[in-house]
Amino acid sequence: IDLCRRLTAAGWQLMATPDRWAQHDCGASAANNADRERAWWGGTMQYAARWWSPASVAAGVAAATVAWARVVVRNPAMAGPAWRDMVTGPLVLSRRPR
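Residues numbered from 1 in each chain as written. Predicted model: local features only at pLDDT ≥ 70, side-chain atom pairs only at ≥ 80, totals over all residues. Heavy atoms only, no water.

Engineer: Tell me about the overall build of the chain, and please be specific about residues and values.
Structural biologist: Each helix and strand counted, the chain has four helices and zero strands in total. Listing every helix and strand of the chain by position from the N terminus yields α-α-α-α. Every one of the 98 residues in the chain was classed for burial, and the buried ones make up 24%. Considering only contacts within the chain whose residues lie at least 6 apart along the sequence, 59% involve residues at least 24 apart. Total accessible area on the chain stands at roughly 7,200 Å², and carbon and sulfur atoms take up 61% of it. (Helix = DSSP H or I, 4+ residues; strand = E, 2+ residues; numbered from the N terminus. Buried < 20%, exposed > 50% of the residue type's maximum accessible area, 1.4 Å probe, protein only. Contact = heavy atoms within 4.5 Å. Areas by Shrake-Rupley, 256 points an atom, 1.4 Å probe, with all protein chains shown as cover.)

Rendered as structure tokens:
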């Protein structure tokens, strides 16, 4: 998403093709679904904190909090690390100058 934003800002035109040119056989970036969700939300919230408006970030935090609750219901021991990975950690970027 960030690469697409940068390319369009530089004047490039993005195009999609109907042909599939890559396929993921399995999710090797995480050991399980909960870790995969933690990583996805962490990355998404980092992007949001950096580029979205404050109101949009607030909506993202609400959505990330709901996702965090789903992760914790499945694995209560992940509550603290998941909260840091999915909600509070990524928001540190919102304090950086753009």
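Picking up after the structure, the text goes on.
Engineer: So what's going on with the side chain of E37? Residues and values would help.
Structural biologist: Summarising the element assignment, E37 is placed in helix α2 (residues 33-51). Filtering out sequence-adjacent residues up to four positions away, E37 remains in contact with A67, R70, V71, R74 and M86.

Engineer: An account of the pattern of salt bridges is requested, with residue identities and associated values reported.
Structural biologist: Scanning the model with the defined rule gives six salt bridges in all. In this structure, R70 engages E37 in a salt bridge whose closest nitrogen and oxygen atoms are separated by 2.9 Å. With R70 in helix α3 (residues 54-74) and E37 in helix α2, the pair connects residues that are 33 residues apart, well separated along the chain. Here E37 falls in the buried class, since its relative accessible area comes to 17%. Through salt bridges that share partners, D2, R5 and R6 make up one connected network. (Salt bridge = Lys/Arg side-chain N within 4 Å of Asp/Glu carboxyl O.)

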